[in-house]
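If you want the building blocks of each chain, they are given just below.
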Amino acid sequence: MSTDHDDDGLAPVTDLFGARSRRRAPAAAEPTPGPEQTVPSVPEPVLEDDADTPVPLPIRGPRAQADWVSPVIGDGSGRTARAEQDGYDDDGADATTASVFSIAGGEEIDPADAPRPLDEQRADAERLSMRALGRKGVSESEMRTLLTQQDLDPDVVEHEVERLTRVGLLDDVALATDLVDRLHARKGLGRQGVVTELRRRGIDQVAIDTALDEAADDEDDEFLRAQELADKRAPQMRGLDRATAERRLSGFLMRKGYSSGVVRIAVARALDGVEKRPRPGGGTVRFE
């Protein structure tokens, strides 16, 4: 049978790694509380299962443990976990060195959402612009819209537009001058119709006015085009009364962009000519 003196010959127990031993001195006899005495409850300390389990010591001072975060994979620039936590100085990691993800404002960014390198974007912008110019003439506004729709940085878009303008591949005045001649010849548009089409292409008013002034076109040419269109259209008005024929023919010419004065004269001459022109089966057409 062991006694209380059995441990006298043993070496003292040394706690390792700052752990506290679970050995406790025998509890002293506590007086039994009387009927009216209450003993405050003291929570028992929570002890580790293993007395030798190391207990980490807290870090004090400015590098306190609560301020640290788990290390993360950065952008390959050698920034520490502190830099990862606080965020980078700019809006995001440099796309040319980003590896797993970038940090913006302390938040992770997926590589798919990280901006592409500017050199790569500029190469794409040049490829897209040259392909568009190879198909047809493009205005500055149309080129800017095309490149913006390709998810390119705004600075890259402006850089490409400025480059094309500098080398003469984008010239709104030259484009407008070419369109004026083609819209007159192919579509038979009047002056106002040409202006509307050029505005739709994003060409500014200064370039439009310059192109109209340079075009070999005057009021006589405007009237001759309107008269030609009216003469071709008038035969389709057979069977209609005069008022209906005038209204429909006038609407057709005004949609082409001719002024009301030119339209009125051209319509009257075209319908009068149809009345006098003999029909294929004999007789003439008369508008009531």
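Scroll up to find the structure this text is about.
Notes on the structure follow. Predicted model, so just to flag it, every value in this text is computed and none were measured.

Once that is clear, we can look at the nonpolar core. Grouped together as the largest cluster of nonpolar side chains are 18 residues, with contacts concentrated most on Ala230, Ala234, Leu249, Leu253, Tyr258, Val267 and Leu271. When contributions to this core are tallied by element, the ones reaching two or more residues are helix 8 (219-233), helix 9 (242-255) and helix 10 (260-276). The dominant element in this core, judged by the number of residues it contributes, is helix 10, at seven residues. Setting aside its immediate chain neighbours within four residues, Leu249 contacts Ala230, Arg233, Ala234, Met237, Val267, Ala270 and Leu271. If you look at the next biggest cluster of nonpolar residues, it comprises 15 residues, including Leu175, Leu179, Leu198 and Ala211.

What follows is about the packing of helix 3 (residues 140-148) against helix 4 (residues 154-166). How two helices pack is summed up by the angle between their axes together with the distance between the axes. At a minimum axis distance of 10 Å, the contact between helix 3 and helix 4 shows a crossing angle of 145°. Considering how the two elements wind past one another, helix 3 and helix 4 form a crossing that is right-handed. For the pair formed by helix 3 and helix 4, the contact residues are Glu140, Met143, Arg144, Leu147 and Thr148 on the first element and Val157, Glu158, Glu160, Val161, Leu164 and Thr165 on the second. In terms of residue class, the contact of helix 3 with helix 4 is made up of five nonpolar, two polar and four charged.

Going through the model one piece at a time under the given rule, you end up with zero aromatic pairs. Stacked on the ring of Phe252, the Lys or Arg Arg233 has its end atom at 4.2 Å from the ring centre.

A word on the pattern of salt bridges. What the rule picks out here adds up to twelve salt bridges. For Arg144, the salt bridge goes to Glu158, with nearest N and O atoms at 2.8 Å. You can see Arg144 sitting in helix 3 and its partner Glu158 sitting in helix 4, a full 14 residues away along the chain. Arg144 gets classed as partly exposed once you look at its relative accessible area, which sits at 28%. Among the ionic pairs, Lys232 bridges to Glu228, the shortest N-O distance being 3.6 Å. Here the residue Lys232 and the residue Glu228 both occupy positions in helix 8, the gap between them amounting to four residues, near one helical turn. Looking at Lys232, the relative accessible area reads 59%, which means it is exposed. For Glu228, a relative accessible area of 46% puts it in the partly exposed group. Taken together, the shared-partner salt bridges connect Arg116, Glu120, Asp124 and Arg127 into one network.

We now examine the environment of Leu170. Mapping Leu170 onto the fold places it in the loop between helix 4 and helix 5 (172-187). Leu170 sits in the buried class, given a relative accessible area of 2%. The spacing of Leu170 and Val138 is 32 residues in sequence and 7.1 Å in space, taken between C-alpha atoms. Setting aside its immediate chain neighbours within four residues, Leu170 contacts Leu133, Val138, Ser139, Glu140, Met143, Val161, Leu164 and Thr165.

The next point concerns helix 6 (residues 191-200). Those residues of helix 6 not exposed but buried are Gly193, Val194, Val195, Glu197 and Leu198. Residues of helix 6 that are buried make contact with helix 5 and helix 7 (205-214). Gly202 sits one or two positions beyond helix 6 and adopts a positive phi of about 85°.

It is the contact of helix 5 with helix 6, at a shortest axis distance of 10 Å, that shows an interaxial angle of 135°. As judged from the angle between their axes, helix 5 and helix 6 are oblique. Between helix 5 and helix 6 lies a crossing whose hand is right-handed. Facing Ala176, Leu179, Val180, Leu183 and His184 of helix 5, the residues of helix 6 in contact are Arg191, Val194, Glu197 and Leu198. Per-class residue counts for the contact of helix 5 with helix 6 are six nonpolar, one polar and two charged.

Our focus in this paragraph is the side chain of Arg201. In this structure, Arg201 sits in the loop between helix 6 and helix 7. With relative accessibility at 10%, the residue Arg201 sits in the buried group. Among all residues touching Arg201, those that are not within four sequence positions of it are Lys136, Gly137, Val138, Ser139, Ser141, Glu142, Leu175 and Leu179.

Rules used throughout
- Residues numbered from 1 in each chain as written.
- Predicted model: local features only at pLDDT ≥ 70, side-chain atom pairs only at ≥ 80, totals over all residues.
- Heavy atoms only, no water.
- Core = buried A, V, L, I, M, F, W, Y, C linked by side-chain atoms within 4.5 Å.
- Buried < 20%, exposed > 50% of the residue type's maximum accessible area, 1.4 Å probe, protein only.
- Helix = DSSP H or I, 4+ residues; strand = E, 2+ residues; numbered from the N terminus.
- Contact = heavy atoms within 4.5 Å.
- Axes fitted to C-alpha atoms, helices over the stretch in contact; angles between N-to-C directions.
- Left-handed = near helix turned anticlockwise from the far one by under 90°.
- Nonpolar A, V, L, I, M, F, W, Y, C, P; charged D, E, K, R; others polar.
- Phe/Tyr/Trp six-rings, centres within 6.5 Å; stacked < 30°, edge-to-face > 60°.
- Lys NZ or Arg CZ within 6 Å of the ring centre and 35° of its normal.
- Salt bridge = Lys/Arg side-chain N within 4 Å of Asp/Glu carboxyl O.
- Parallel < 35°, antiparallel > 145°, perpendicular 65-115°, else oblique.

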